[in-house]
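Below, each chain spelled out in residue letters.
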Amino acid sequence: MRTAIVGGGAAGFFLAINLKERCPQMEVTIFEKSKKVLAKVEVSGGGRCNCTNSFASVRDLSQVYPRGHRLMKRLFKTFDHRDAYAWFERHGVRLVTQEDECVFPASQDSHTIINLFLAEARRHHIEIRTECKITSLDELAGYDYIAITTGGGTASMVGVPTIEAVPSLFTFSIEDEALRALMGTVVEEATAFIPGTGFRAFGPLLITHWGMSGPAILKLSSYAARELHDHHYQMPLAVNWLSRKDPEIQQELQRIITDHPQKQLSSIRPFDLSGRLWDYLLGKALGERARNRWQNLNKKELNRLTNILCNDPYQITGRAAFKDEFVTCGGVDLAAVDPNTLELKDYSQTVFVSSSSSPRIFFAGEVLDIDGITGGFNFQAAWTTAYAVAHAIS
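Residues numbered from 1 in each chain as written. Predicted model: local features only at pLDDT ≥ 70, side-chain atom pairs only at ≥ 80, totals over all residues. Heavy atoms only, no water.

**Things to note about the overall build of the protein**
Part 1 of the argument: Scanning the protein from N- to C-terminus turns up twelve helices and 16 strands.
Part 2 of the argument: If you line up the protein on its principal axes, its C-alpha atoms span 85 × 40 × 35 Å.
Part 3 of the argument: Per-residue burial for the protein yields a buried fraction of 53% across its 394 residues.
Part 4 of the argument: Considering only residue pairs separated by 6 or more positions, the protein has 75% of its internal contacts joining residues 24 or more positions apart.
Part 5 of the argument: Accessible surface, the protein: about 17600 Å² in total, of which carbon and sulfur atoms supply 48%.
Part 6 of the argument: If the 42 positive side-chain charges of the protein are averaged to one point and the 44 negative ones to another, these points end up 4 Å apart. (Helix = DSSP H or I, 4+ residues; strand = E, 2+ residues; numbered from the N terminus. Buried < 20%, exposed > 50% of the residue type's maximum accessible area, 1.4 Å probe, protein only. Contact = heavy atoms within 4.5 Å. Areas by Shrake-Rupley, 256 points an atom, 1.4 Å probe, with all protein chains shown as cover. Lys, Arg positive; Asp, Glu negative; His and termini not counted. Charge placed at Lys NZ, Arg CZ, Asp CG, Glu CD.)

**Looking at the nonpolar core**
Part 1 of the argument: Core analysis: the largest hydrophobic core is formed by 126 residues, its most contacted members being Phe117, Phe363 and Trp383.
Part 2 of the argument: For this core, the leading source of residues is helix α12 (residues 377-393), giving eleven residues.
Part 3 of the argument: In contact with Phe117, not counting residues within four places along its chain, are Ala10, Phe13, Phe14, Ile17, Leu38, Trp87, Phe88 and Trp383. (Core = buried A, V, L, I, M, F, W, Y, C linked by side-chain atoms within 4.5 Å.)

**A few points about helix α4 (residues 81-90)**
Part 1 of the argument: Of the residues making up α4, those classed as buried are His81, Ala84, Trp87 and Phe88. For α4, the angular spread of the buried residues around the axis is 115 degrees, confining them to a single face. In α4, the exposed positions angled more than 90 degrees off the buried face are occupied by Arg82 and Arg90.
Part 2 of the argument: Where α4 is buried, its residues touch α1 (10-22), β3 (52-53), β4 (95-97), α5 (111-123) and α12. (Arc of directions from axis to C-beta.)

**Structural notes on the pattern of salt bridges**
Part 1 of the argument: Considering all chains together, one arrives at 16 salt bridges under this definition.
Part 2 of the argument: When the shortest N-O distance is used, the salt bridge between Glu127 and Arg129 registers 2.9 Å.
Part 3 of the argument: On the basis of relative accessible area, Glu127 is assigned to the partly exposed category, the value being 37%.
Part 4 of the argument: Note on Arg129: relative accessible area 33%, which makes it partly exposed. (Salt bridge = Lys/Arg side-chain N within 4 Å of Asp/Glu carboxyl O.)

**Focus on the packing of aromatic side chains**
Part 1 of the argument: One pass over the structure, following the stated rule, counts 21 aromatic pairs.
Part 2 of the argument: On the basis of an interplanar angle of 55 degrees and a centroid distance of 6.1 Å, the ring pair of Phe170 and Phe172 is categorised as tilted. As far as burial versus exposure is concerned, Phe170 and Phe172 are alike and both buried.
Part 3 of the argument: Each member of the aromatic cluster is reached from another via a ring pair, and the members are Phe13, Phe14, Phe79, Trp87, Phe88, Phe117, Phe379, Trp383 and Tyr387.
Part 4 of the argument: Note that Arg2 overlies the ring of Tyr143, its terminal NZ or CZ placed 4.1 Å from the centroid.
Part 5 of the argument: Note that Arg319 overlies the ring of Tyr233, its terminal NZ or CZ placed 5.4 Å from the centroid. (Phe/Tyr/Trp six-rings, centres within 6.5 Å; stacked < 30°, edge-to-face > 60°. Lys NZ or Arg CZ within 6 Å of the ring centre and 35° of its normal.)

**Structural notes on helix α9 (residues 246-259)**
Part 1 of the argument: Taking 1.5 Å of rise per residue, 14 residues should cover 20 Å, and α9 covers 20 Å from first to last C-alpha, within 8% of that figure.
Part 2 of the argument: Ile249, Glu252, Leu253, Ile256 and Ile257 are the residues of α9 that are buried. All buried residues of α9 fall inside an arc of 145 degrees around its axis, so they share one side. Every exposed residue of α9 that faces more than 90 degrees away from the buried side is listed here: Pro247, Gln251 and Thr258.
Part 3 of the argument: Buried residues belonging to α9 abut α11 (299-310). (Expected span 1.5 Å × (residues − 1).)

Okay, here's the thing in structure tokens:
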């Protein structure tokens, strides 16, 4: 029996290794269009490979999988983050969990994962063909099983329904020179949201020389990926710099007025905001009046200051790539695959339909319409879906 895996990325290697472990007699070949395999693994997590997450703070998978959470919930019954953690440690890679629940190799080096995959591929005699771009399934005649683990575009050659692939996990460009002058400023507990929608995300926010980044922005870009694309990345954005509600903010401002009436507004910062950001927000809310003392703050100005702290408006003018990583939402329509095995349901549109030796076709990884927020969730989707396919084929 022979299996062809189209895609030499994380999902492809994980699938191949697990398939050979379960079915040693299977002949497995990985086809990779590039010269190099596992390139995205190498740059992921800043070169450290955030290979999964503890899921300790995840109450519902929809929090971390904007698309595909129902399927992931089903597949987690067979192989979840705990299984992935155990798998890597069983194969000699010690893992560590950070305070933010992200899981990395203890070596803090993505090559630890790459070396493991390549060593296991050699040990199991998995054939790897680089610079081999598959453009038609006709090229894979003679294989009993085909597993497609590439990006969303490859699915089109199979004739299955796909959802348009659009970028996810990106930063925001904002044309505000005063804001950009604060580049390097980090707010640890900010909430970014798109007004008039339900899209919001909490976490650290980084001001950059092009606009905004950090986990809060990356998560928001993932949640709203489709809508942002449909609006050509020109949408309003608002930031609650304190992740607190109006009454709590007003109460704190009133306390400062009572305790420090003679102090300059710029000299007392509520909730330990950085000095640069506080001065910027004061100027944005009060203009020239930002030079006043706390006791001279009138009710209208107090309301404006409160509003700028919890509902600070901006305009997104474009998207920017997140380092060298690139995640998309979209891909093979999940309705087109069996939810337990990820096998193509309807073979009527494939090139092999008239053949007596039609291979069975499966999908795993990014080619599916599943994507997660930053934090190791996309790699976990790769491990989980790849394991499901390996289990089904074996």
